[in-house]
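A closer look at the structure
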Amino acid sequence: MSNDSQVSVKGEVAIMPYNCLSFRPVCLTDELVQAGWSKCWSRRENRPYYFNRFTNQSLWEVPVLGQHDVISDPLGLNAASSDSGDSNGQRKRRISEEQGAGPNSIKRVKVLKVTSCRCLFVVVFSIYWDLDAQTNAVIREHPPANHLPPHPEIELQRAQLVTKLRQHYHELCHQREGIDPPRESFNRWLLERKVIDKGHDPLLPSDCEPVISPSMFREIMNDIPIRLSRIKYKEEARKLLFKYAEAAKKMIDSRNASPESRKVVKWNAEDTMSWLRRDHSASKEDYMDRLEHLRQQCGPHLTAVAKDSVEGICSKIYQLSAEYSRRMRQTHLSLLQDPPTEASASPQQSRLVYCYPVRLALPSPPLPRVELHFENDVSCLRFRGEMVKVNRGHFSKLELLYRYSCIDDPRFEKFLSRVWCLLKRYQVMFGSGANEGTGLQGALPVSVFEALIRQFGVSFECFASPLNCYFKQFGSAFPDTDGFFGSRGPFLSFCPVSGSFEANPPFCEELMDIMVTHFEALLEKSSEPLSFIVFVPEWRDPVTPALTRMEGSRFLRHQLNIPAFEHEYRSGSQHICKRDEMYYRAVHGTAVLFLQNDAGFAKWAPTPERLAELMAAYRPSPSRPATLSSPGPTIQTSCGVVVNQEDQRPGVLGHQVEMILHFYVKL
């Protein structure tokens, strides 16, 4: 086997795999190999044994399919038809009901004692995805995409440049405005820019019009002259009011403002300070009312004097991003054996087919070696000193998705390199701060997905990723890295003719607005059954533009409002976070809107019975106490509403299966 396919695996016991995911010994049937079994050599015992890469189970004897139940077939992929007349999905649900685990998880425990090794393996499974569900999304056949194939060297360079760009943004905010950059505003800037970007880089924007980002400009302006935060007590409100008045006066004195602006701001600031000195009996509400009055009086003048400086920040960050994008593309092209040529636009295909993963037109070059080792329940992949991590359950899931979706690597020689690129891409997009970016990945509970499948035929997630998709077919942000793992590409570029879809978008106003435009265009154009079930935060003070548009759409068939604190979501860092941090209770309401054309309404109508089951599925599991989102910094939307940053639920992704493996070694 070539050097490109070498895999460095470190663990407590050194093993020499016979097949390495490619060679199949004659003693193992195809069904056993598909279930994850391989034949390995034990250096300690000096004899062969059988290892399951999905469950980490080891046997001295040849495994028998079906004898070890979930351990030999954890996802129900090879269940014999004689065991049940149900489908695999029904079989898994029936097992869950029999064990009383509820609709949110399936738990099976198997104990295997190998006396010669004196090891006791305890394997616990909790399944949070359904890769058996077949799609009903129909599209028109299209040619392969012209994206450059991912490469660890390029992904490492992209990570370094994005980190450098974040640092530039932080420095510019400090130097020009004397503030910290708004929390996660850089992440939202990436989302907002990529909606309109026509450049080549999958992450960094390089060809946008207008150059000034409305999202970044708005969020910086909201923090001038100081950042406002959620107030709980009277003394906090008093201090915040004083700081705002002091900062407004200082800012207007140091800027080139008109005499009228200077006069208005200074008079209001001094009047507020005078009121604070003489009135000590005011309540928290009095202080907040005074703060709102001060903002209304001074805000327009402060915005006018800061406008050029803030636009300069936005413009500089965009120019640096465009330069970094050009630099990376040149390096990437130099790595390819057959650089792409300018190709004419392919004509639109007329043949209707079920949706399929993104295929790249350019062949992938040889990829460098990536090392793999395990630390307890975490899979660690290292390339040139840069390590990315994912729990073992999700690593096994990525392997399954790769087996289902990848067509150019049957021997899994490029699997580890592509997993490293995928994990690094999402790590860079999230940011490096504590809990940063997790709000971009909030997901629906698995019980809700099961209700959507049973009652509304949902089989596709519009905004997901390989890390937390519930189905094996989904739309995601990065077609170049995600296509090998089942992605159908960005949904705003995906044009289905029919099907039933779930949409849980990130909360970016520009993205949500263009999402509504895309949905309505698809519904208007198609006469086949087409349905979109959209989940967005129910913010009413004031209402967000996308929600207003959907509520007034002629395709709206029904709307559900799920009250705050009565439902939960799964963490955006579910592929790496601790088990007790997996779920959080929603502190805001959620609006569920059914957008359907006439044929879709006839096939998947939101009847009272179906809606009742969906509402029941949304109730938090009584056996799992959900935690509330911790208090965090606040932001202000373009509508003027101030919200807690952790209260946002911009769920990019759907739900997942998690497989927890616990090992007890008996010495």
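Conventions used here
Residues numbered from 1 in each chain as written. Predicted model: local features only at pLDDT ≥ 70, side-chain atom pairs only at ≥ 80, totals over all residues. Heavy atoms only, no water. UniProt positions renumbered as here; feature names shortened; annotations may be inferred. Pairing = 2+ DSSP bridges. Helix = DSSP H or I, 4+ residues; strand = E, 2+ residues; numbered from the N terminus. Contact = heavy atoms within 4.5 Å. Axes fitted to C-alpha atoms, helices over the stretch in contact; angles between N-to-C directions. Expected span 1.5 Å × (residues − 1). Bend = angle between axes of the 7 residues up to and from the residue. Salt bridge = Lys/Arg side-chain N within 4 Å of Asp/Glu carboxyl O. Buried < 20%, exposed > 50% of the residue type's maximum accessible area, 1.4 Å probe, protein only. Phe/Tyr/Trp six-rings, centres within 6.5 Å; stacked < 30°, edge-to-face > 60°. Core = buried A, V, L, I, M, F, W, Y, C linked by side-chain atoms within 4.5 Å. Parallel < 35°, antiparallel > 145°, perpendicular 65-115°, else oblique. Left-handed = near helix turned anticlockwise from the far one by under 90°.

The name that an unreviewed UniProt entry assigns to the chain is mRNA (2'-O-methyladenosine-N(6)-)-methyltransferase, with the source organism given as Cyclopterus lumpus. For the chain, the Subcellular location (unreviewed entry) comment in UniProt is given as "Nucleus". What the UniProt record of the chain gives under Sequence similarities (unreviewed entry) is the line "Belongs to the CAPAM family."

1. Here's the deal with the sheet that holds strand S14 (residues 499-503)
Strand order in this open sheet of 5 strands is S13-S14-S15-S19-S16, and the pairing throughout is mixed. For this open sheet the edge positions go to strand S13 (460-461) and strand S16 (556-562), each flanked by a neighbour on one side alone. Relative to S14, S13 runs parallel, the two being bridged by 2 bridges. When the bridges of S14 are listed, Glu 461 appears paired with Glu 502. Its contacts with the sheet place helix H13 (residues 509-525) against S14, strand S15 (530-537) and strand S19 (590-596), and it is angled at close to 165° to S15. The strands touched by helix H16 (residues 608-617) are S16 and S19; relative to S16, the strand with the most contacts, the crossing angle is about 30°.

2. Quick word on helix H8 (residues 284-335)
For an α-helix, 3.6 residues make a turn, and residues three or four places apart therefore share a direction. Helix length check: H8, at 52 residues, gives a terminal C-alpha distance of 62 Å against a target of 76 Å (1.5 Å per residue), a shortfall beyond 12%. The largest bend along H8 reaches roughly 50° and is located at Ala 306.

3. Brief notes about the pattern of salt bridges
Enumeration over the complete set of coordinates arrives at 28 salt bridges. Within the structure, one salt-bridge network assembled from shared partners comprises Glu 155, Arg 158, Asp 201, Arg 425 and Asp 480.

4. Some details on helix H6 (residues 234-254)
In this model H6 runs 31 Å from its N-terminal to its C-terminal C-alpha over 21 residues, within 8% of the 30 Å that 1.5 Å per residue would give. All of the buried residues in H6 are Ala 237, Arg 238, Leu 240, Leu 241, Tyr 244, Ala 245, Ala 247, Ala 248, Met 251 and Ile 252. Looking at the buried side of H6, the elements it contacts are helix H3 (152-177), helix H7 (259-278) and H8.

5. What to know about the packing of aromatic side chains
Per the counting criterion, the structure on display carries 29 aromatic pairs. Each ring, one from Phe 374 and one from Phe 395, has its centre 6.4 Å from the other, and the planes form 85°; the classification is edge-to-face. Residue Phe 374 is located in strand S10 (residues 371-375), and its partner Phe 395 is located in helix H9 (residues 392-405); the two are separated by 21 residues in the primary sequence. With relative accessibility at 27%, the residue Phe 374 sits in the partly exposed group. Of the residues examined, Phe 395 reaches a relative accessible area of 8% and is grouped as buried. Ring geometry for Tyr 426 against Phe 478: centres 5.3 Å apart, planes inclined by 70°, an arrangement best described as edge-to-face. Within this pair, whereas Tyr 426 is found in helix H10 (residues 415-430), its partner Phe 478 is found in the loop between S13 and helix H12 (479-482), the two being separated by 52 residues in sequence. Summarising the burial analysis for this pair, Tyr 426 and Phe 478 share the class buried. An aromatic cluster of at least three residues, connected via ring pairs, comprises Phe 374, Phe 395, Tyr 402, Phe 412, Phe 415 and Phe 485.

6. Considering the nonpolar core
In this structure, Ile 220, Leu 381 and Phe 485 are the most contacted members of the largest nonpolar core, which totals 87 residues. No other element matches H8, which puts 14 residues into this core. In this structure, Phe 507, Val 516, Phe 555 and Leu 595 belong to the second largest nonpolar core, which totals 34 residues.

7. Remarks on unusual backbone geometry
Trans peptide bonds make up most of the peptide bonds, and negative phi angles are found at most residues other than glycine. Of note, the amide linkage connecting Glu 209 to Pro 210 takes the cis form, showing an omega dihedral of 10°. By the element assignment, Pro 210 lies in the loop between helix H4 (185-196) and helix H5 (214-222). For the bond from Ile 224 to Pro 225, the omega torsion is 5°, close enough to zero to count as cis. The residue Pro 225 is located in the loop between H5 and H6 in this model. Although it is not a glycine, Glu 184 sits at a positive phi angle of roughly 65°. Considering the arrangement of structural elements, one finds Glu 184 in the loop between H3 and H4. Glu 184 sits in the buried class, given a relative accessible area of 8%. At Phe 412, a residue that is not glycine, the phi angle is positive and equals roughly 60°. Looking at where Phe 412 falls in the secondary structure, it is placed in the loop between H9 and H10. Exposure remark for Phe 412: the relative accessible area of 9% places this residue in the buried category.

8. Considerations on the pairing of S10
Note that S10 and strand S11 (residues 378-383) share 5 bridges and pair antiparallel. Following the sheet pairing, Glu 375 is matched in S11 by Val 378. The antiparallel hairpin formed by S10 and S11 contains 2 residues in its connecting segment, where Asn 376 sits at a positive phi of about 60°.

9. Concerning the packing of H5 against H8
Between H5 and H8, whose axes approach to 10 Å, the crossing angle comes to 135°. By the angle between their axes, H5 is oblique relative to H8. Once H5 is placed against H8, the crossing between them reads as right-handed. Every residue of H8 that contacts H5 at Met 216, Phe 217, Ile 220 and Met 221 is listed here: Thr 303, Ala 306, Lys 307, Val 310, Glu 311, Ile 313, Cys 314 and Ile 317.

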